[in-house]
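Per-entry structural report
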Amino acid sequence: MSDDTVPMTLDQVRDYARATLTRVGLSPAHVEAVAETMVAGERDGCASHGIYRLLVASQSVAKGVVVPDAVPVASRPAPALVRVDGGGGFAQLAFETGRPHLVEAARTNGIGAMALNNIVHFAALWPEVEALVADGLVALAFTPSHAWVAPAGGTKPVFGTNPIAFGWPRPGGTPFVFDFATSMVARGEIELHRRAGKPIPADWGHAPDGSETTVPEEVLAGAMRTFGGHKGSALAAMVELVAGPLIGDLTSAESIAKDAGRGGSPMGGELIVAIDPAGFLGAQAAEHLARAEALFAGIEGQGARLPGSRRHAARAVSLRDGVRIPRQLIADIDAVTKDAS
């Protein structure tokens, strides 16, 4: 075993995240909600969304970007709609506050949509859609971020990493859940390369002068790229619209302007849509969901990987064996948060 890593069970990861978040000043309700998303990242083999995010969260608290004791307030502007004002707190507690209302709206109307407003978002979206899938719903989620990403054909940031997540319930099996940034890669991946002193692929972004580069620091100071050229750029623009102006919240450019150089996590909103299959299908819902298994079999039957399957494979291993956390990362987190109060 390498001395460069520390073995931890998922319970130990949870305890460490809770203790650190408490130390930096988050209220107990936020501690619980935020810690679980970090545990999910480590559990599913996504280190860029695991306890590395303690550095991100603590920065947002220290710089006054996030309200550490915000109390989210849910409302129902229409029968199928839920709005949660997060009060400037992290998104996780706002989601947990609104989730029962969204499930009820979807069950009653066949479809429901929830706007999370006035939140700070630093984590992946898959824990949220997966929670809704556990309720038997089909779910989509969208959120802008900070303007870090250039549109296809340009070199100056306009978009955020602007992830899209989707979840589909599978009878008796692992749900189909994917979550991807519309940028070439999550920004956290570039940060991890920077920390490790490793170059990045040349197609991940632009240097500040617009040139191609493999230096993480230059892309972080310049602009990331969308995936798939104009197709990823179009999806990024869609996310800006549906989770920005449509719900009365910030675009990525407005978010980074509001940050005003503090280096905090993105501020703004999130749109979540939940669909109850029984709304369209009634008593035949189970029959038609079972038909979807032929699609999954057609993908996996030829040796192709089902999106999200790598996370679930990593989950099975981490639940059994725990995870290994870079020793230097723990030292850095402790150093940054040790004097917090």
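Residues numbered from 1 in each chain as written. Predicted model: local features only at pLDDT ≥ 70, side-chain atom pairs only at ≥ 80, totals over all residues. Heavy atoms only, no water.

Things to note about the environment of Gly50
In plain terms, the rule: Each helix is a run of H or I in the DSSP string that is no shorter than four residues. Each strand is a run of E no shorter than two, and both are numbered from the N terminus. Three labels apply to residues, based on accessible area from a 1.4 Å probe with only protein chains included: buried if under 20% of the type maximum, exposed if over 50%, partly exposed otherwise in between.
Summarising the element assignment, Gly50 is placed in the loop between helix 2 (28-43) and helix 3 (53-62). For Gly50, a relative accessible area of 0% gives the class buried. The spatial distance from the C-alpha of Gly50 to the C-alpha of Glu36 is 9.6 Å, given a sequence separation of 14 residues.

A few points about the packing of aromatic side chains
The condition that has to hold: When the centres of two rings from Phe, Tyr and Trp lie within 6.5 Å, Trp using its six-membered ring, the rings pair. Their planes under 30 degrees apart give stacked, over 60 give edge-to-face, and anything left gives tilted.
As enumerated under the stated definition, the model contains 7 aromatic pairs in all. Their ring planes at 75° and their centres at 4.9 Å tell us that Phe90 and Phe122 sit as a pair that is edge-to-face. Linking Phe90 in the loop between strand 3 (81-85) and helix 4 (91-109) with Phe122 in the loop between strand 4 (111-120) and helix 5 (126-133), this pair joins segments that are 32 residues apart in sequence. By relative accessible area, which is 5% here, Phe122 ends up buried. Between Phe180 and Phe227, the ring centres sit 5.7 Å apart and the planes meet at 85°, which makes this aromatic pair edge-to-face. Residue Phe180 is located in strand 8 (residues 176-180), and its partner Phe227 is located in the loop between strand 10 (223-225) and helix 8 (230-242); the two are separated by 47 residues in the primary sequence. Feature note: the residues Phe166, Phe176, Phe178, Phe180, Phe227 and Phe296 constitute an aromatic cluster, connected by ring pairs.

Details of the sheet that holds strand 4
To keep it simple, the criterion reads: Strand pairing is assigned whenever DSSP detects at least two bridges linking the two strands. Comment: axis = line fitted to C-alpha atoms, over the contacting stretch for helices; angle = value between 0 and 180 degrees taken between N-to-C directions.
Here we have 7 strands laid out as an open sheet, ordered 2-3-4-11-5-7-8, and mixed in their pairing. Whereas interior strands pair on both sides, the edge strands pair on one side only; in this sheet they are strand 2 (73-78) and strand 8. Neighbouring strand axes in the sheet, compared pairwise and without regard to direction, differ in orientation by 15° on average. Alignment of strand 4 against strand 11 (residues 267-275), held across 8 bridges, turns out to be antiparallel.

Things to note about the environment of Thr143
For clarity, the threshold we go by: In protein, a polar contact means a hydrogen-donor-capable atom and an acceptor-capable atom, both N or O and within 3.5 Å, with residues adjacent in sequence counting only if both atoms are side-chain atoms; elsewhere, any N or O pair within 3.5 Å suffices.
With respect to the helices and strands, the residue Thr143 is situated in the loop between strand 5 (138-142) and strand 6 (149-150). For Thr143, a relative accessible area of 4% gives the class buried. Sequence-wise, Thr143 and Val239 are 96 residues apart; in three dimensions their C-alpha atoms are separated by 6.3 Å. Only 2.8 Å separates the side chain of Thr143 from the backbone oxygen of Gly269, close enough to count as a polar contact.

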